[in-house]
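Structural characterization, general
The residues making up each chain are set out below.
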Amino acid sequence: MNSPPASLATPSADPRIIARSEHNVSRAHISPNALRVLYRLRDGGFQAFLVGGCVRDLLLGIEPKDFDVATDALPEQVKRLFRNCRLVGRRFRLAHVFFGREIIEVATFRAATAPEPGEEPIPVADLDDERVPGLEESEPVAEEAATADPRGLPDDDSERAFDASGRILRDNIYGTIDADVWRRDFTCNSLYYNIADFSIWDYVNGVADVSARTLRLIGDPETRFREDPVRMLRAARFEAKLGFSIDPATAAPIGKLRELLAGVPQARLFDETLKLFLGGYGAASFRVLRARGLLGSILPTVDAYLSAHPGSLVEKLLVRGLENTDGRVQADKPVTPTFLFALLLYGPIAAIIEATPPERWHELATILDACDQAVREAQARISIPKRFSLGVREMFALQPRLEHPRGRRALRSLEHPRFRAAYDLLLLRSEFGMASKATADWWTRLQEVSAEERNTMAEALASATARDPEAPPPARRGRRRRRSGSARRG
Ligand code: ATP
Ligand code: MG
């Protein structure tokens, strides 16, 4: 083997220890509950570190999303220290310590996952690698069959297994902190904040990479991406979220390896898709995914539509929708996968509708069939739980009803559980000339006025449409546009 290029990060045997006086991570910015957990582990005689994204974010002056703890205490020992603690995961057990709504995840140091140079992947065909949809897993690499004694031998013959492409299927041994470093992805995610003296332990030059805003995989990039192709999506997510640049050696194999994402369980890709698009940086994630050719690996039909229609209104609508979603996340307002998938699948749904004869474009059956087909095609790569795909269907089914409000029936649409999402989609469409602005405005006003005035508006509309079924809602000028349940160029 050639000696690794200088830009590869190979963990050193001993950490560089950055004393408290030499870094800016202050306890004032650490969750008091995380501190409680760290102190209690320390007082119990264990090592206790903050690790992962929280240390990175604290160094960057960003408020961490959550705080993860790494320790040499075994899960059972952690459990004994905390009343409010539950062990989760089967083979690799993690402790969740609960404080109201905040959960501090405590993981025992895990053994290295990096194969030795020359180690051949072991084909393992019969492992069930399915994950529960929607399950929050911050350490998704390995939690399979149970074993009684956490440090005892697992109940089958090897602790670690790779599939034919090099993907880790199992990894279930506890280890020491220097081994734990190896199972982390990027150098910036592999910094350990030691509660014993508030220093940072750095095995991989991660502090320097954080300062340089560089995303660099630990070890040989191709091997690490093969072990877990989701790391390619994580790279894109951190590039978008942190504005880091991906080191050239880390970026290089992505083009060749992105198709390995096809082998990742659909439920996990669904989770990652939500993290990419609903984490507050969805528009940036979209740009990065497109630029790195990764959108096609998770949402091939969406990517195909956008590539076939460069600069389309659909793309503008999608990006604007993602920007609006980012705004909502930043304002702490709720966001929903239903709306996200309506945005993402807009192009594929429109393409399916437009492949039917134009006179059928506005029929409910056409719209519903198109939604079902678009969801089915997307499901080949990523699972979309039913509650969300049904929501997408309802949002699209409501579009003609919103575009053609009919007197008092319009008031009933207001009560529809999916009204708000469908209305938001109508607003977006009207912004890009895909639906009438006057109609969208009418719905906006309808929601703003008193119940009494609502009745008046509905009656005015009823008599206007009685005179002319194609009339726009009253009190707005302008000729009605041809409505489009789909996405014509407008
Ligand atoms: P975020 O800000 O999104 O929470 P994070 O870096 O904390 O970012 P998590 O998904 O919460 O990401 O994971 C916590 C840590 O676990 C990571 O920082 C990384 O060290 C490790 N990790 C998570 N997923 C992987 C993976 N697929 N491969 C290797 N290490 C991972
Ligand atoms: Mg995290």
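Residues numbered from 1 in each chain as written. Chains lettered and ligands numbered in written order. Predicted model: local features only at pLDDT ≥ 70, side-chain atom pairs only at ≥ 80, totals over all residues. Heavy atoms only, no water.

Section: the overall build of the chain
A count of helices and strands for the chain gives 22 helices and 12 strands. For the chain, the share of sequence-separated contacts (at least 6 apart) that also reach a separation of at least 24 residues comes to 72%. (Helix = DSSP H or I, 4+ residues; strand = E, 2+ residues; numbered from the N terminus. Contact = heavy atoms within 4.5 Å.)

Some remarks on the confidence of the model for the chain
Summarising the model, the chain shows a mean pLDDT of 86, and 82% of its residues fall at 70 or more. The model gives residues 114-157 a pLDDT under 50, and that stretch makes 89 contacts with residues more than four places away or in other chains. Counted against residues more than four places away or in other chains, residues 476-490, with its pLDDT under 50, gives 45 contacts. (pLDDT = per-residue confidence, 0-100.)

A short note on unusual backbone geometry
Non-glycine residue Asn-205 carries a positive phi angle of around 60°. The residue Asn-205 is located in the loop between β10 (200-202) and α5 (206-211) in this model. Classification of Asn-205 by relative accessible area gives partly exposed; the value is 48%. A positive phi is found at Arg-213, a non-glycine position, where the angle reads about 55°. Looking at the secondary structure, you find Arg-213 in the loop between α5 and β11 (214-215). Since its relative accessible area comes to 37%, Arg-213 is described here as partly exposed. (Buried < 20%, exposed > 50% of the residue type's maximum accessible area, 1.4 Å probe, protein only.)

Looking at helix α13 (residues 300-308)
For α13, the set of buried residues is Val-302, Asp-303, Tyr-305 and Leu-306. End-on, the buried residues of α13 take up no more than an arc of 160°, which puts them together on one face. For α13, the secondary structure elements touched by its buried residues are α11 (282-291), α12 (295-298), α14 (313-330), α15 (337-344) and α16 (346-354). (Arc of directions from axis to C-beta.)

What about the site of ligand 1?
In the region of ligand 1, 19 residues are neighbours, and Lys-65, Asp-228, Arg-231, Arg-237 and Lys-241 sit closest. At 2.8 Å, a side-chain N or O of Arg-231 approaches a nitrogen atom of ligand 1. Within the side chain of Arg-237, one N or O atom sits 2.6 Å away from an oxygen atom of ligand 1. Considered on its own, ligand 1 offers 580 Å² of accessible surface; in the complex 98% of this is hidden by protein. Listed by contribution, the elements that provide at least two residues to the shell around ligand 1 are α2 (53-60) and α7 (230-242). By residue number, the principal contributor to the shell around ligand 1 is α7, which donates 5 residues. Here the shell around ligand 1 is composed, by residue class, of 2 nonpolar, 4 polar and 13 charged. When residues of the shell around ligand 1 are assigned to domains, at least three map to each of domain 1 (11-212) and domain 2 (214-298). (Near = heavy atom within 4 Å. Polar contact = N/O pair within 3.5 Å; in protein donor to acceptor, adjacent residues only side chain to side chain. Areas by Shrake-Rupley, 256 points an atom, 1.4 Å probe, with all protein chains shown as cover. Nonpolar A, V, L, I, M, F, W, Y, C, P; charged D, E, K, R; others polar. Domains from an automatic or database assignment.)

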